[in-house]
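So the chains spell out like this:
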Amino acid sequence: MTELVTFGETMLRLSPPDDERLETADQYTVRAAGAESNVAVAAQRLGLDALWASKLPDSPVGRRVTGELKHHGVSVDIAWDDADSARQGTYYLEQGSPPRGNDVIYDRQNASVTTATPAELPTETIADAAGFHTSGITPALSETLESTTADLLSLAQDAGTTTSFDLNYRSKLWTPAEARSVLTELFPSVDVLVVAERDANVVLDRDGDAEAIARDLTAEYGFEATVITRGSDGALALADGTVTEQPTFESTDAHPVGTGDSFVGGFLSQYLSSGTVAEGLAWGAATAALKRTIPGDIAVVSPDEIRSILSGDTEAISR
Ligand SMILES: O=C(O)C(=O)C[C@H](O)[C@H](O)COP(=O)(O)O
């Protein structure tokens, strides 16, 4: 039985090797990359039965996306778009060491997923699953997706499926004010909110420390669990009135894109399989730390690797 369904756009990510510049590189590496499929892969690899639902062009580039996700064992349920105009979203990522940062250029307007409606998506599977996850990127992509996201969250919650939502603010898609008005309308249908502290500041207009933000959001929206991520300062969760803190594990800045999604996948792998919030946070933090060592968007990890990190039993060379 499917335990976790995620819904959203997965793009093809095109990035030059090493620290090459987009402008002059003569090769781009292609990877499947999308917030919700990144979560599905991490959760699947860590033991949940995960399914990613979306809409893709019925073409070799659409199948390039599903092929990569299936490699990791994730099930897919796709509305295949056979229109001549069907588009696959892409993004270009240039990674750079300081003082250069990582730069993203989206080419995702009018991608097939922007027209996805609940009728095209596996609503019965969502209703039967333990968890349904999506993020604040999805409703930013089109008015249709704003309404589809609202419908899916509410049908999942009504069916007793635990709904989780990563706020995932992307300033290249919309303004903080636009995001605030759309996302706060969705919050009554969200059971578990994950939000970066900086997004809580900028989009939700909350300040104070992470605990104060979590208490304030929980009081206003009644989340079952509120998880605040704080980059290198770790994460904090408020659930059942109890605050749990989790520091980060030692890692690198080599491949940061996908860290947040890996955290959520690791968290849900425990939280949805009757693990405690503390176990969820620990698995999330360990998965995020491993992800930062791995190219691409996806956490290619195993439960044993996570357990080694949690037990402090990591060796420089295993032989
Ligand atoms: O769809 C978008 O706009 C995306 O940004 C997809 C991103 O590649 C991931 O969501 C990574 O995000 P982090 O895990 O926060 O690094």
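Residues numbered from 1 in each chain as written. Predicted model: local features only at pLDDT ≥ 70, side-chain atom pairs only at ≥ 80, totals over all residues. Heavy atoms only, no water.

### Side note on the sheet that holds strand β10 (residues 192-196)
Move 1: With respect to topology, nine strands assemble into an open sheet ordered β5-β4-β1-β8-β9-β10-β11-β12-β13, the strand pairing being mixed. For this open sheet the edge positions go to β5 (75-81) and β13 (242-246), each flanked by a neighbour on one side alone. Along the sheet, successive strands turn relative to each other by an average axial angle of 15°, direction set aside.
Move 2: Pairing of strand β8 (residues 131-135) with strand β9 (residues 162-166) involves five bridges; the strand directions are parallel. Bridge assignment links Gly131 to a residue of β9, and that residue is Thr162.
Move 3: Here helix α9 (residues 277-291) sits on the sheet in contact with β11 (225-229), β12 (235-239) and β13, set at roughly 20° to β13. (Pairing = 2+ DSSP bridges. Helix = DSSP H or I, 4+ residues; strand = E, 2+ residues; numbered from the N terminus. Axes fitted to C-alpha atoms, helices over the stretch in contact; angles between N-to-C directions. Contact = heavy atoms within 4.5 Å.)

### Structural notes on the UniProt feature "domain: Carbohydrate kinase PfkB" (unreviewed entry) in the protein chain
Move 1: Following the UniProt record, one finds the feature "domain: Carbohydrate kinase PfkB" (unreviewed entry) at residues 1-299.
Move 2: The span residues 1-299 carries 34% helix and 23% strand; its end-to-end C-alpha distance comes to 23 Å. (UniProt positions renumbered as here; feature names shortened; annotations may be inferred.)

### Considerations on the pairing of strand β1 (residues 4-7)
Move 1: Here β1 shows no split at all, with Leu4 and Thr6 on one side and Val5 and Phe7 on the other all buried.
Move 2: Note: β1 against strand β4 (residues 50-57), four bridges, orientation parallel. Note that in β4 the partner of Val5 across the bridge is Leu51.
Move 3: Pairing between β1 and β8: three bridges, direction parallel. In the strand pairing of β8, Leu4 is matched with Gly131. (Buried < 20%, exposed > 50% of the residue type's maximum accessible area, 1.4 Å probe, protein only.)

### Some words on empty space enclosed by the protein
Move 1: Applying the stated criterion across every chain, the model contains one cavity of 30 Å³ or more.
Move 2: In this structure, the largest cavity occupies an estimated 40 Å³ of space.
Move 3: Considering the residues around the largest cavity, the lining is formed by Glu9, Thr10, Ser54, Lys55, Leu56, Pro57, Arg87, Gln88, Gly89, Ala111, Ser112 and Val113.
Move 4: Residue classes in the lining of the largest cavity are distributed as four nonpolar, five polar and three charged. (1 Å grid on protein atoms, 1.4 Å probe; cavity = no way out; pocket = protein on both sides within 12 Å on 5 of 7 lines; lining within 4 Å. Points joined across faces, edges and corners; volume = space filled by probe spheres on them. Nonpolar A, V, L, I, M, F, W, Y, C, P; charged D, E, K, R; others polar.)

### Remarks on unusual backbone geometry
Move 1: The step from Pro98 to Pro99 runs through a cis peptide bond, and the omega angle for that step is 5°.
Move 2: In this structure, Pro99 sits in the loop between β6 (90-94) and β7 (103-107).
Move 3: Even without a glycine there, the phi angle at Asn110 is positive, about 60°.
Move 4: One can find Asn110 in the loop between β7 and α3 (123-128).
Move 5: One non-glycine residue, Asp205, adopts positive backbone phi at about 60°.
Move 6: Structurally, Asp205 is set in the loop between α6 (197-202) and α7 (210-221).

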